[in-house]
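Here's the letter readout for the chains.
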Amino acid sequence: VERHVLEAGRLAPTAANLQAFRLIVIPTAGRQEALRRVYPKDWFVQAPLVIAVVGLPPGTDPDDVVRESGAAAMRELLDAPKSLVEFLVEDLPD
């Protein structure tokens, strides 16, 4: 099931296919408190895995962010979630 969900996410269209994002699979075991800081609902950490969608600058991947700007920059991307609407509207032409 996990593989099918990730494949569907990978193939999902974005506006003009311009938004760079990565799907990050996070095992919840041992990370419940950290995950509750992201979304403070008990049901959120009951599944064995959480899939995070992380918006990245176009043409980059998480390794690029860490290598060029350090782990703190990647943490900042993960710790500053945007709503789905903010994510989708962000790159619309003016």
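Keep in mind it's a predicted model, so treat the numbers as computed, not measured. (Residues numbered from 1 in each chain as written. Predicted model: local features only at pLDDT ≥ 70, side-chain atom pairs only at ≥ 80, totals over all residues. Heavy atoms only, no water.)

S.K.: Looking at this structure, I do not really get the packing of helix 3 (residues 62-69) against helix 4 (residues 71-79). What am I missing?
M.R.: Think of two packed helices as two axes; the pair is described by the angle between the axes and how far apart they sit. Contact geometry for helix 3 and helix 4: axes closest at 6 Å, N-to-C directions at 130 degrees. Here helix 3 lies oblique to helix 4, going by the angle between them. Of the residues in helix 4, those in contact with P62, V65, V66 and S69 of helix 3 are A71, A73, M74 and L77. Residue classes in the contact of helix 3 with helix 4 are distributed as 7 nonpolar, 1 polar and no charged. (Axes fitted to C-alpha atoms, helices over the stretch in contact; angles between N-to-C directions. Helix = DSSP H or I, 4+ residues; strand = E, 2+ residues; numbered from the N terminus. Parallel < 35°, antiparallel > 145°, perpendicular 65-115°, else oblique. Contact = heavy atoms within 4.5 Å. Nonpolar A, V, L, I, M, F, W, Y, C, P; charged D, E, K, R; others polar.)

S.K.: Please explain the confidence of the model for the chain as it appears in this structure.
M.R.: Scored by pLDDT, the chain comes out at a mean of 77, with 77% of its residues at no less than 70. Per-element averaging of pLDDT across the chain places helix 5 (residues 84-89) at the bottom with 62 and helix 2 (residues 32-38) at the top with 84. (pLDDT = per-residue confidence, 0-100.)

S.K.: Is there a simple way to explain the environment of R36 in this structure?
M.R.: Inspection of the secondary structure assignment puts R36 in helix 2. Leave out the neighbours within four places in its chain, and R36 touches D42 and V45.

S.K.: Looking at this model, I keep getting lost on the pattern of salt bridges. Mind explaining?
M.R.: Inspection of the entire model under this criterion finds 3 salt bridges. Of the charged contacts, one joins D42 and R36 as a salt bridge, the two residues approaching to 3.4 Å between their closest N and O atoms. The partly exposed category is assigned to R36, whose relative accessible area is 27%. One salt bridge connects D64 with R67, and the closest N-O pair in it is separated by 3.9 Å. Here D64 and its partner R67 are both found in helix 3, 3 residues apart, which amounts to about one turn of the helix. Shared partners join several salt bridges into a network, and the residues in it are E33, R36 and D42. (Salt bridge = Lys/Arg side-chain N within 4 Å of Asp/Glu carboxyl O. Buried < 20%, exposed > 50% of the residue type's maximum accessible area, 1.4 Å probe, protein only.)

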